[in-house]
Amino acid sequence: MVGFFKNIFGGDASSKQNASPSSSDERISRRSTGFEQFTRGIAQPEGLRVLDLGPTSPANIQFNTGLGHRAYNEDVLLASHDKTLMLPAEEGMSTLDVRRFMDENLVYEKELFDAVLMWDVPDYLHESLVKPVIERIHSITKPGGLLLGFFHTKDAGPQAPYYRYHIKSRDTLELQRGPQFHLQRVFNNRHIENLFHDFQNIKFFLGRDNIREVLVVR
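Below is a summary of the structure that appears in this document. These numbers were taken from a predicted model, which means no experiment stands behind them.

## Points about the overall build of the protein
Working step 1: Broken down by element type, the protein carries eight helices and 11 strands.
Working step 2: In the protein, buried positions account for 47% of the 218 residues.
Working step 3: Contacts in the protein between residues far apart in sequence, at least 24 positions, make up 72% of those at least 6 positions apart.
Working step 4: In the structure as shown, the protein presents an accessible area of about 10,800 Å², 47% of it carried by carbon and sulfur atoms.

Set out below in structure tokens:
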């Protein structure tokens, strides 16, 4: 897995971020084949534990609890922009304290979750955190559990906006402009397969908006 987390857009990720929330409440409706398949996979039985790695969304909580599941939420991307995580490095650069981040985030017992909504977190996450976060997700997800991830294609471009994902129905999401995080990298299919090499199975769905949807089985 070494070598493909390169920031293809250049520059220091920590110096380019602006986590100020967007003032726009406008939402874009988007049908999602990947989410439809994810929903089918968690429809039964009730009482599953579902982890949402995006910003808190009442719609998402209501959707998951409406299926009879337990909803958990942790905004990993926002947590990664805690300025106190940055440490000085050589030549005036800075690095992120990965150990501290992992000690403070995604701290759950092993194989706790039945499903994970990862959204497009890896595309925006600090390079040094991508592999540890995926490894932690693998650890806290049950064998046979589902994970849904979104990955931008190269056609999205470096200015692709960051969106919050709100669940509207079993096959439709609403996208709302979120904090001004910058796209850090683009994974191709081989990179995505390598990223989830410890998982059992992976299925791709190509959307029309430069997004590749991925359904992964732990």
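## Details of the packing of aromatic side chains
Working step 1: In total, this model carries 13 aromatic pairs according to the counting rule given.
Working step 2: Centroid distance Phe151 to Phe187: 5.5 Å. Interplanar angle 85°. Geometry classified as edge-to-face. Of this pair, Phe151 sits in strand β7 (residues 141-152) while Phe187 is found in the loop between β9 (172-177) and α8 (189-195), placing the two residues 36 residues apart along the sequence.
Working step 3: With a centroid separation of 5.3 Å and 85° between ring planes, the pair formed by Phe196 and Phe199 is classed as edge-to-face.
Working step 4: Given the relative accessible area of 4%, Phe196 is considered buried.

## Digging into unusual backbone geometry
Working step 1: Looking along the chain, the bond that leaves Gln44 and enters Pro45 is cis, with omega of -5°.
Working step 2: Among the structural elements, Pro45 can be located in the loop between α2 (33-42) and β2 (49-52).
Working step 3: Positioned with a positive phi, Trp119 is a non-glycine residue whose angle comes to about 55°.
Working step 4: For Trp119, the position within the fold is in strand β6 (residues 113-119).
Working step 5: On the basis of relative accessibility, which here comes to 3%, the residue Trp119 falls in the buried class.
Working step 6: The phi dihedral of Asn210 falls on the positive side, at around 60°, and the residue is not glycine.
Working step 7: Summarising the element assignment, Asn210 is placed in the loop between β10 (201-206) and β11 (211-217).
Working step 8: On the basis of relative accessible area, Asn210 is assigned to the partly exposed category, the value being 29%.

## Re the sheet that holds β10
Working step 1: Strand order in the open sheet formed by six strands is β3-β2-β6-β7-β11-β10, with mixed pairing between adjacent strands. Pairing within the sheet leaves two strands with one partner each, and these edge strands are β3 (70-73) and β10. Neighbouring strand axes in the sheet, compared pairwise and without regard to direction, differ in orientation by 15° on average.
Working step 2: Sitting on the sheet, helix α3 (residues 58-66) is in contact with β2, β3 and β6, with an inclination near 150° to β3.
Working step 3: Packed on one face of the sheet, helix α7 (residues 127-140) meets β2, β6 and β7 and runs near 150° to β7.

## Description of the side chain of Glu36
Working step 1: Secondary-structure assignment places Glu36 in helix α2.
Working step 2: Take Glu36: its relative accessible area is 17%, and that puts it in the buried class.
Working step 3: With sequence-adjacent residues up to four places away left out, Glu36 is seen in contact with Arg31, Arg170 and Asp171.

## A closer look at the pattern of salt bridges
Working step 1: All chains considered together, the criterion is met by 10 salt bridges.
Working step 2: One network of salt bridges, in which partners are shared, links Arg31, Glu36, Arg40 and Asp171.

## With respect to the nonpolar core
Generally speaking, nonpolar side chains in soluble globular proteins are found buried as a group.
Working step 1: Counting 36 residues, the largest nonpolar core has Leu53, Met118, Val133, Ile137 and Phe196 as its most contacted members.
Working step 2: Secondary structure elements with two or more residues in this core: α4 (76-79), α5 (98-104), β6, α6 (121-124), α7, β7, α8 and β11.
Working step 3: Of all the elements, α7 adds the most residues to this core, at six residues.
Working step 4: Core analysis: the second largest hydrophobic core is formed by 21 residues, Leu48, Val50, Phe150 and Leu175 among them.

## Looking at α2
Working step 1: Of all the residues in α2, the buried ones are Gly34, Phe35, Glu36, Phe38, Thr39 and Ile42.
Working step 2: At the N-terminal end of α2, a side-chain oxygen is found 3.0 Å from the backbone nitrogen of Phe35, two or three residues along, and the residue is Ser32.

## Details of the sheet that holds strand β1 (residues 27-31)
Working step 1: Read across the sheet, three strands follow the order β1-β9-β8 without closing on themselves; strand pairing throughout is antiparallel. Two strands bound the open sheet, and with one partner strand each, they are β1 and β8 (163-167). Across the sheet, the mean angle separating the axes of adjacent strands is 30° when strand polarity is ignored.

Calculation criteria
Residues numbered from 1 in each chain as written. Predicted model: local features only at pLDDT ≥ 70, side-chain atom pairs only at ≥ 80, totals over all residues. Heavy atoms only, no water. Helix = DSSP H or I, 4+ residues; strand = E, 2+ residues; numbered from the N terminus. Buried < 20%, exposed > 50% of the residue type's maximum accessible area, 1.4 Å probe, protein only. Contact = heavy atoms within 4.5 Å. Areas by Shrake-Rupley, 256 points an atom, 1.4 Å probe, with all protein chains shown as cover. Phe/Tyr/Trp six-rings, centres within 6.5 Å; stacked < 30°, edge-to-face > 60°. Pairing = 2+ DSSP bridges. Axes fitted to C-alpha atoms, helices over the stretch in contact; angles between N-to-C directions. Salt bridge = Lys/Arg side-chain N within 4 Å of Asp/Glu carboxyl O. Core = buried A, V, L, I, M, F, W, Y, C linked by side-chain atoms within 4.5 Å. Polar contact = N/O pair within 3.5 Å; in protein donor to acceptor, adjacent residues only side chain to side chain.

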